Amino acid sequence: MTHPRNPGTPLTTDWFDRVQVNRPAAERRAATLITRRSVKKEHQAAWLVNAIRCTDLTTLAGDDTPDRVARLCAKARRPLADHIVAGLGLSEMPKTGAVCVYPTMVATAKRALSNSGIPVASVATGFPAGLMPMNLRLAEILYAVEHGADEIDIVITREHVLRGNWAALFDEIAAMREACGDAHMKAILATGELVTLSNVYAASMVAMQAGADFIKTSTGKESVNATLPVSLTMVRALRDYGERTGVKVGFKPAGGIKTAKDAIAWQILMKEELGRAWLEPDLFRFGASSMLADVERQLEHHVTGRYAASHRHAIA
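Described in the following lines is the structure provided in the data block. For every chain, the first residue of the written sequence is number 1, and numbering continues from 1 onward in sequence order. In keeping with the model being predicted, local features are shown solely for residues with a pLDDT of at least 70 and side-chain atom pairs are shown and tallied solely at 80 or more, while totals for entire chains, interfaces and linings include all residues. The basis for every side-chain value is the complete set of heavy atoms in the structure, and neither hydrogens nor water enter the calculation.

## Comments concerning the packing of aromatic side chains
To keep things clear, this is the line we draw: When the centres of two rings from Phe, Tyr and Trp lie within 6.5 Å, Trp using its six-membered ring, the rings pair. Their planes under 30 degrees apart give stacked, over 60 give edge-to-face, and anything left gives tilted. A run of H or I in DSSP becomes a helix once it reaches four residues, and a run of E becomes a strand once it reaches two; helices and strands are each numbered from the N terminus. Three labels apply to residues, based on accessible area from a 1.4 Å probe with only protein chains included: buried if under 20% of the type maximum, exposed if over 50%, partly exposed otherwise in between.
Counted according to the given criterion, the structure contains four aromatic pairs. Ring geometry for F16 versus W166: centroids 5.3 Å apart, planes at 75 degrees, classification edge-to-face. Remark: W166 occurs in helix α8 (residues 166-180) and F16 occurs in the segment before α1 (23-36); sequence separation between them is 150 residues. Taken as a pair, F16 and W166 share a single burial class, namely buried. Relative to F286, the ring of F284 has its centre 4.8 Å away and its plane inclined at 70 degrees; by these criteria the two rings are edge-to-face.

## Some points on the packing of helix α9 (residues 197-209) against helix α10 (residues 228-245)
Put simply, the test is: Fitting a line to C-alpha atoms yields each axis, with helices limited to the stretch in contact; the angle taken between N-to-C directions then spans 0 to 180 degrees. Roughly parallel covers angles under 35 degrees, roughly antiparallel covers those over 145, roughly perpendicular covers 65 to 115, and oblique covers all other angles. By definition, turning the near helix anticlockwise from the far helix through less than a right angle yields a left-handed crossing, and turning it clockwise yields a right-handed one. Between two residues, a contact is recorded if the distance between any of their heavy atoms is within 4.5 Å. The classification used treats Ala, Val, Leu, Ile, Met, Phe, Trp, Tyr, Cys and Pro as nonpolar, Asp, Glu, Lys and Arg as charged, and all other residues, Gly among them, as polar.
Interhelical geometry of α9 versus α10 gives an angle of 40 degrees and a closest axis separation of 9 Å. The angle between α9 and α10 places the two elements in the oblique class. Note on packing geometry: the crossing formed by α9 with α10 is right-handed. Along its contact with α9, which presents L197, V200, Y201, S204, M205, M208 and Q209, the element α10 presents P229, V230, T233, M234, R236, A237, L238, D240 and Y241. Of the residues belonging to the contact of α9 with α10, the class tally is 11 nonpolar, three polar and two charged.

## Here we look at the pairing of strand β2 (residues 98-101)
Threshold: When DSSP finds two or more bridges between two strands, those strands count as paired.
Of the two faces of β2, the one holding A98 and C100 and the one holding V99 and V101 are both buried throughout. Across three bridges, strand β1 (residues 55-58) lies against β2 in parallel orientation. Note that in β2 the partner of T58 across the bridge is C100. As judged from the three bridges shared by β2 and strand β3 (residues 120-123), these two strands associate in the parallel manner.

## What about the pattern of salt bridges?
Our working rule: Each reported salt bridge corresponds to a side-chain nitrogen of Lys or Arg within 4 Å of a carboxyl oxygen of Asp or Glu.
Going through the model one piece at a time under the given rule, you end up with 24 salt bridges. Here K186 makes a salt bridge to E151, at a shortest N to O gap of 2.6 Å. One end of the pair, K186, is in strand β5 (residues 184-188); the other, E151, is in strand β4 (residues 151-155), with 35 residues separating them in the sequence. As far as the burial class goes, K186 and E151 line up, both buried. As a salt-bridge pair, D153 and K252 come within 2.9 Å of each other at their nearest N and O atoms. Here the residue D153 occupies a position in strand β4, and K252 occupies one in strand β7 (residues 250-252), the gap between them amounting to 99 residues. Linked by salt bridges that have partners in common, D56, E151, D153, K186, K216, K252 and R285 make up one network.

## Details of the sheet that holds strand β6 (residues 214-216)
On the basis of which strands lie adjacent, the open sheet formed by eight strands has the order β7-β6-β5-β4-β3-β2-β1-β8 and parallel pairing. This sheet does not close on itself; its edge strands, each paired only once, are β7 and β8 (286-288). This sheet shows a mean twist of 25 degrees between the axes of neighbouring strands, independent of strand direction. Across three bridges, β5 lies against β6 in parallel orientation. When the bridges of β6 are listed, K186 appears paired with F214.

## Some thoughts on the nonpolar core
Where we set the bar: In these notes, a set of buried Ala, Val, Leu, Ile, Met, Phe, Trp, Tyr and Cys residues joined through side-chain atoms within 4.5 Å is what counts as a nonpolar core.
Counting residues in hydrophobic clusters, the biggest one holds 94 residues, and the most contacted among them are I152, F251, W266, M270, F286 and L299. It is α9 that provides the largest number of residues to this core, a total of nine residues. The residues contacting I152, other than those within four sequence positions of it, are S122, A124, I141, A144, V145, C180, A183, H184, M185 and K186. The next biggest cluster of nonpolar side chains, apart from the first, holds seven residues, and it includes L60, V123, V155 and I188.

## A short note on the side chain of H160
Topologically, H160 is positioned in helix α7 (residues 158-162). The residues contacting H160, other than those within four sequence positions of it, are N165, A168, L169 and E172.

## Notes on α1
Side chains that are three or four residues apart share a direction in an α-helix, a result of its 3.6 residues per turn. Under the convention used in this document: Helix span, as expected, comes to 1.5 Å for every residue beyond the first. In this context, the arc is that of the directions from the helix axis out to the C-beta atoms. The definition of a polar contact used here is a pair of N or O atoms within 3.5 Å, where within protein one atom must be able to donate a hydrogen and the other to accept one, and adjacent residues in sequence count solely through side-chain atom pairs.
In this model α1 runs 20 Å from its N-terminal to its C-terminal C-alpha over 14 residues, within 8% of the 20 Å that 1.5 Å per residue would give. Of all the positions in α1, only A26, A30 and L33 are classed as buried. On an axial view of α1, the arc spanned by its buried residues comes to 50 degrees, and they lie on one face. Counted as exposed and oriented over 90 degrees from the buried face of α1: R28, T35 and R36. Where α1 begins, the capping side chain belongs to N22, and its oxygen is found 3.0 Å from the backbone nitrogen of A25.

## Remarks on the packing of α8 against α9
The N-to-C vectors of α8 and α9 enclose an angle of 45 degrees; their axes lie 8 Å apart at closest approach. Of the possible angle classes, the one that applies to α8 and α9 is oblique. By crossing handedness, the relation of α8 to α9 is classed as right-handed. Contacts between α8 and α9 pair W166, L169, F170 and I173 from the former with A202, A203, V206, A207 and Q209 from the latter. Per-class residue counts for the contact of α8 with α9 are eight nonpolar, one polar and no charged.

So yeah, pure geometry; function would need other evidence.
Rendered as structure tokens:
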């Protein structure tokens, strides 16, 4: 990360307790974002290459194995075929923003990514539900950090949001931030389970006040994951927090982001709402895996004029 970490602030409920988010208005604004700006040809290719740089290449499956994680790390190092890189005129192979795995796979990922400069992110705190005793949730963070995790993606207790128990939510996230130590913390809000966009805004603000370095939409396991209206609400909270504190906090949409078109839509959101700084991997990440395959497919078409069969692309 190239900017100071978020030190957090005391819990200050008047930053959010009177904020009411109008869902229809948020949906209209989100819809216009992707229709007002059209990117084609070399400009589209540039946006897609940037999407690779901002991707947390992820595997969070019950049948994960060290071999699968090692393959994922190899893809993170070399996400594009050599002829695509040459055809794009890039001076070097782009790399993904991070690789995200379960805590028991952190050591494997660290070995596979040695000397690459690619950070290892680990989910923790009873992902995805978070319904575990607090001491065990903190122990999971400590385990991941001990095994080399550079970033920790934590999950919040949704009940605290639904009940408006902001002090409990703040204390929980602050304790997790302390357990992370030098590892950067991403707070997953599981927005699909928070019911209202006003709750999403409030939870975003509390997470940042408690010291989150990133706020993240979803675990990818909810019935509704990242959407543009939810993301718009969260980035408005980022902007408001930054205006109050002068601190830049990152954003990570995750879950359901599968296509190159999605990759461009979310980058347009960041550019329009927060500016160029939030198109860099220290402030913006996608939580995705299948998206990378479509990005590579579109870049292949840009370079060669045709789509390659899926078996010609390395498996992530």
